[in-house]
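A closer look at the structure
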Amino acid sequence: MVIVDIHTHIYPPTFVSLLRSRTTVPYIRAFPDAPDSSRLIILPGEDDPATPSTSRGRPVGPQYWDIVEKIAFMDTHKIDVSVISLANPWLDFLPAHEAGEAARRINDDVDGLCARYPGRLYAFGTLPLSAPAETVVAEVERLAGMKHMRGIIMGTSGLGQGLDDPALDPIYAALERHGQVVFLHPHYGLPASVYGPRASEYGHVLPLALGFPLETTIAVTRMLLSGVWDRFRNLQVLIAHSGGTLPFLAGRIESCIEHDGHLKGEGKLEGRRSVWDVLQKNIYLDAVIYSEVGLKAAVDASGPDRLLFGTDHPFFPPLEDEAKEWTSVNTNYQAIKVGFSGDEKSVHDVLGNNAVRILKLDGIHS
Ligand code: 5CU
């Protein structure tokens, strides 16, 4: 049996230097009242000066950037292969004139990290999405020829207007042409007002448990509504966190579309692909959902051959310093075992075989 982790992030050294050079979100720095540890501040709202610096963002250490730590984590959790990806917020924050060069540098850096561990590491590349579409397309083309790259990771903002923006069409076309999987991952959450005035009392729970999945669900629904998969019928998208809430809400989304008088009046219901059809032909889901209940919804929506194991490393580490194994990882392993109890083939498919097949991880045999 081969175990492949397709949801595992890295902030490679070039990106860490960039974050250390910044004073606005996203950035890495030590604070005067906790000078011995650096903190990574990435999410909107994490920079609130009213929050004590020791609970702003998250403590950050070598597990975020040192590939040796990634391999040690893989060994601890019996992971044979990882498909690493730059973590949020990717390059979304860079000015247009810096983004193309930064993407090339970071993608080369990540490809080089993979080369140090042949057969154990592959990667999703990063796109310079604040740059003009031609620059983004050029990086898609370049990534397609790089040895360890197996697709790209991106957030929900696209070129700044979301993933239903027609200006993304040349980029979707290039991704489809090269058969590159898009790993779609949230970052922005929901507007802070929905978390309420007491949000700062609740740590990161509301943005991470609810903001992330709903952001993802809204982004994908906008793609469906704008007909992205009607125009790009072979575009393959791997959605983080088992699709946000998409598997659970797909029926409701489909029904709301079918009952919408405006869409009918505009002729937008004719010939459209249903949400279910797209889920079964264009969408892969990771298994980062921490319970067999959510996992079953994901399997029912897209099928066991489209579900892929992941860990979200280096996020969600154990809170106890001495713990070796990560509860977050073991919870996902357990959900797969329980969710597919009595169906060993599906367990093996989800843990690794699907990733080997879908991402063409050459030379890896189960
Ligand atoms: O803990 C977090 O903030 C995160 C994050 O930012 N990105 C991610 O992929 N997982 C957890």
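It should be noted that the structure appears before, not after, this text.
This structure is a prediction, so every number in the text was calculated from the model and none was measured.

**Thoughts on the pairing of strand E2 (residues 27-31)**
Here E2 pairs with strand E3 (residues 34-41) via five bridges, running antiparallel. Its bridge partner being in E3, Ile28 is matched across the sheet by Leu40. Connecting E2 to the next strand, E3, in antiparallel fashion are two residues.

**Let's talk about the layout of surface pockets**
If you add up the space inside the largest pocket, you get close to 890 Å³. Taken together, 33 residues line the largest pocket, and the ones lying closest to its centre are Phe315, Phe316, Pro317, Pro318 and Leu319. Where the lining of the largest pocket is concerned, the elements lending two or more residues are strand E4 (58-60), helix H2 (67-76), helix H6 (205-225) and helix H12 (327-339). Take the lining of the largest pocket: its biggest share by element is four residues, from H2.

**Let's talk about the packing of helix H11 (residues 292-302) against H12**
At a minimum axis separation of 9 Å, H11 and H12 run at an interaxial angle of 60 degrees. Our classification of the angle between H11 and H12 gives oblique. The handedness of the crossing between H11 and H12 is right-handed. Across the interface between the two elements, Glu292, Leu295 and Lys296 from H11 touch Ala335, Ile336, Val338 and Gly339 from H12. For the contact of H11 with H12, the residue count by class is four nonpolar, one polar and two charged.

**Here we look at the packing of aromatic side chains**
Evaluation of the coordinates by the stated rule reveals nine aromatic pairs. Both rings, one in Tyr11 and one in Phe15, keep their centres 5.7 Å apart while their planes meet at 15 degrees; by these two values the pair is stacked. On the basis of relative accessible area, Tyr11 is assigned to the buried category, the value being 2%. Plain terms: the ring middles of Phe15 and Phe93 are 6.3 Å apart, the flat faces sit at 55 degrees to each other, and that makes the pair tilted. Here Phe15, found in helix H1 (residues 13-20), pairs with Phe93, found in the loop between strand E5 (81-86) and helix H3 (96-115); they are 78 residues apart in sequence, far enough to count as distant. One aromatic cluster is present, formed by Tyr11, Phe15, Tyr64, Phe93 and Phe315 through successive ring pairs.

About the cut-offs
Residues numbered from 1 in each chain as written. Predicted model: local features only at pLDDT ≥ 70, side-chain atom pairs only at ≥ 80, totals over all residues. Heavy atoms only, no water. Pairing = 2+ DSSP bridges. Helix = DSSP H or I, 4+ residues; strand = E, 2+ residues; numbered from the N terminus. 1 Å grid on protein atoms, 1.4 Å probe; cavity = no way out; pocket = protein on both sides within 12 Å on 5 of 7 lines; lining within 4 Å. Points joined across faces, edges and corners; volume = space filled by probe spheres on them. Axes fitted to C-alpha atoms, helices over the stretch in contact; angles between N-to-C directions. Parallel < 35°, antiparallel > 145°, perpendicular 65-115°, else oblique. Left-handed = near helix turned anticlockwise from the far one by under 90°. Contact = heavy atoms within 4.5 Å. Nonpolar A, V, L, I, M, F, W, Y, C, P; charged D, E, K, R; others polar. Phe/Tyr/Trp six-rings, centres within 6.5 Å; stacked < 30°, edge-to-face > 60°. Buried < 20%, exposed > 50% of the residue type's maximum accessible area, 1.4 Å probe, protein only.

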